[in-house]
Amino acid sequence: MILCCGEALIDMLPARTTAGAEAFAPHCGGAVFNTSIALGRLGIETGLLTGLSQDFWGEMLRDALNESHVDPGFSVVSDRPTTLAFVQLKDGQASYSFHDENSAGRGITSQDLPDIPDRVDTLFFGGISLCNPPFSDSLVALAEREAGRRTIMVDPNIRPGFVSDAEAYRDRLTRLIAAADLIKVSDEDLAWLRPDLPDDLGRADALLQAGPALVLLTRGSAGATALRAGAEPVSAKARKVTVVDTVGAGDTFNAGFMAKAQELGLLTRHKLQTASDTDLRSCLSFAAQVAAVTVSRAGANPPWAKDLTN
């Protein structure tokens, strides 16, 4: 099982009423939630460790997890409210305004975390759940505890406007990167993480030296690259599609890479370090294929396995 650890929230996406007035329509979302949904739809045994409210938004999230074959049984349930993220789209690119104070997700402490069974062999961390305590600190402690025992993937998916304490956030990310076997970053993430370095490959190499076996660098329509110490970079092109919006694109990419890596038996630190270029390119290409379907649809709506064609 792959256990995704992080936020589940409601994206309020721009819409219009029948009378033509501007409005917002609720959609289940959150970076880590999206990755779990994409994995479940690809046929991977998946669970989500998150905070779920007992309000009607929490029920909506729980129903969506069940519908996509994601186990919600690792969730911490409370009467705190569900996080809401109001989304603005400009030329298909999303920006966010979060309402997260005292939320069901953010309030999770280390004492709230459930036991993790042996069948979980991979942990995925990311998203805004890493930004603010106590949940952020609980997740870092979990990753450090499980490092070396289970494969750990991290996608910081940085949202600078959501970070309340940039210094503490950078420290958390530094600790997570050191604990991780696999990191996925966008070019925008790298610019925020390492503004002291002049180019993406140099920044990605600096992350690689900090601990992970493999760093995945995504560049939108320019494709994706996998980097390992002592090896030439491996790249794959993005799929050409008509982009509706980019909500959930990176989250779905994560799921596609992990799904193909699991199929090929690569989801261990040693296998990631020693995988052939052909196998790594296969993982990148499948991730790009899955992400391309998502960006061709409105909102974060990952494909089912049956939706994919070669």
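These lines cover the structure that appears in this document, whether it is placed above or below. (Residues numbered from 1 in each chain as written. Predicted model: local features only at pLDDT ≥ 70, side-chain atom pairs only at ≥ 80, totals over all residues. Heavy atoms only, no water.)

1. Describing the overall build of the protein
For the protein, the helix and strand inventory stands at nine helices and 15 strands. For a compact globule of 310 residues, the expected C-alpha radius of gyration is about 19 Å, and the protein comes in at 18 Å, within 12% of that figure. Out of the 310 residues in the protein, the part that is buried amounts to 55%. Contacts in the protein between residues at least 24 apart in sequence constitute 70% of all its contacts with a sequence separation of at least 6. Carbon and sulfur atoms form 49% of the exposed surface of the protein, whose accessible area is close to 13300 Å². (Helix = DSSP H or I, 4+ residues; strand = E, 2+ residues; numbered from the N terminus. Rg over C-alpha atoms; globule rule 2.2 N^0.38 Å. Buried < 20%, exposed > 50% of the residue type's maximum accessible area, 1.4 Å probe, protein only. Contact = heavy atoms within 4.5 Å. Areas by Shrake-Rupley, 256 points an atom, 1.4 Å probe, with all protein chains shown as cover.)

2. Examining the pattern of salt bridges
Pairing between side chains of opposite charge can happen when the charged atoms of each approach one another. Within this structure, the stated rule accounts for 20 salt bridges. Here Arg 119 ties to Glu 45 by a salt bridge, and the two come within 3.2 Å at their closest N and O atoms. With Arg 119 in the loop between β9 (93-99) and β10 (122-126) and Glu 45 in the loop between α1 (31-41) and β4 (46-49), this pair connects stretches of sequence that are 74 residues apart. The salt bridge partner of Asp 196 is Arg 194, with a shortest N-O separation of 2.7 Å. (Salt bridge = Lys/Arg side-chain N within 4 Å of Asp/Glu carboxyl O.)

3. Describing the nonpolar core
The biggest cluster of nonpolar side chains holds 50 residues, and the ones touching the most others in it are Phe 33, Leu 39, Leu 48, Leu 214, Leu 216, Phe 257 and Leu 284. Looking at which element gives the most residues to this core, the answer is helix α9 (residues 277-295), with eight residues. Those residues in contact with Leu 48 that sit more than four places away from it in its chain are Leu 3, Cys 4, Gly 6, Ala 8, Val 32, Phe 33, Ser 36, Leu 65, Val 70, Asp 71, Phe 74 and Ser 75. Among the nonpolar cores identified, the runner-up in size contains 43 residues, and Ala 143, Leu 176, Trp 192 and Leu 217 belong to it. (Core = buried A, V, L, I, M, F, W, Y, C linked by side-chain atoms within 4.5 Å.)

4. Description of unusual backbone geometry
Cis rather than trans, the peptide bond between Pro 133 and Pro 134 has omega equal to 5 degrees. Among the structural elements, Pro 134 can be located in the loop between β10 and α3 (135-146). Positive phi values are uncommon outside glycine, yet Asn 102 reaches one of about 55 degrees. Among the structural elements, Asn 102 can be located in the loop between β9 and β10. At Asn 157, a position not held by glycine, the phi torsion is positive, near 45 degrees. According to the relative accessible area criterion, Asn 157 is buried, its value standing at 15%.

5. Description of the environment of Ile 37
Examined against the element boundaries, Ile 37 turns out to sit in helix α1. Along the sequence, Ile 37 and Asp 118 sit 81 residues apart, while their C-alpha atoms lie 22 Å from each other. Setting aside residues no more than four positions away along its own chain, Ile 37 makes contact with Ala 64, Leu 65, Ser 68, Val 70 and Pro 302.

6. As for the sheet that holds strand β6 (residues 70-71)
If you walk across this open sheet you meet the nine strands as β6-β4-β1-β10-β11-β12-β13-β14-β15, and the pairing is mixed. The sheet terminates laterally at β6 and β15 (234-236), the two strands that pair on one side only. (Pairing = 2+ DSSP bridges.)

7. Description of α3
Between its first and last C-alpha atoms α3 spans 16 Å; for twelve residues at 1.5 Å apiece the expected length is 16 Å, and the two agree. Residues of α3 that are buried: Phe 135, Ser 136, Ser 138, Leu 139, Val 140, Leu 142, Ala 143 and Glu 146. Backbone geometry just after α3 places Gly 148 at a positive phi near 90 degrees. (Expected span 1.5 Å × (residues − 1).)

8. Some words on the packing of α3 against helix α4 (residues 166-179)
For the pair α3 and α4, interaxial distance at closest approach is 9 Å and the crossing angle is 25 degrees. Our classification of the angle between α3 and α4 gives roughly parallel. Here α3 and α4 pass one another in a crossing that is left-handed. Where α3 approaches α4, its residues Ser 136, Asp 137, Val 140, Ala 143 and Glu 144 are matched on the opposing element by Arg 172, Arg 175, Leu 176 and Ala 179. Partitioning the contact of α3 with α4 into residue classes produces four nonpolar, one polar and four charged. (Axes fitted to C-alpha atoms, helices over the stretch in contact; angles between N-to-C directions. Parallel < 35°, antiparallel > 145°, perpendicular 65-115°, else oblique. Left-handed = near helix turned anticlockwise from the far one by under 90°. Nonpolar A, V, L, I, M, F, W, Y, C, P; charged D, E, K, R; others polar.)

9. Considerations on the packing of aromatic side chains
This structure, assessed with the given rule, holds four aromatic pairs. Ring geometry for Phe 24 and Phe 86: centres 5.1 Å apart, planes at 90 degrees, overall edge-to-face. With Phe 24 in strand β3 (residues 22-29) and Phe 86 in strand β8 (residues 84-90), the pair connects residues that are 62 residues apart, well separated along the chain. The exposure class of Phe 24 is partly exposed, given its relative accessible area of 41%. Here the aromatic rings of Tyr 169 and Trp 192 are separated by 5.4 Å at their centres, their planes lie at 55 degrees, and the arrangement is tilted. In this pair, Tyr 169 is assigned in helix α4 and Trp 192 in helix α5 (residues 187-193), connecting sequence segments 23 residues apart. Since its relative accessible area comes to 0%, Tyr 169 is described here as buried. The buried category is assigned to Trp 192, whose relative accessible area is 19%. Positioned over the ring face of Trp 192 is Arg 170, at 3.8 Å from the centre of the ring. (Phe/Tyr/Trp six-rings, centres within 6.5 Å; stacked < 30°, edge-to-face > 60°. Lys NZ or Arg CZ within 6 Å of the ring centre and 35° of its normal.)

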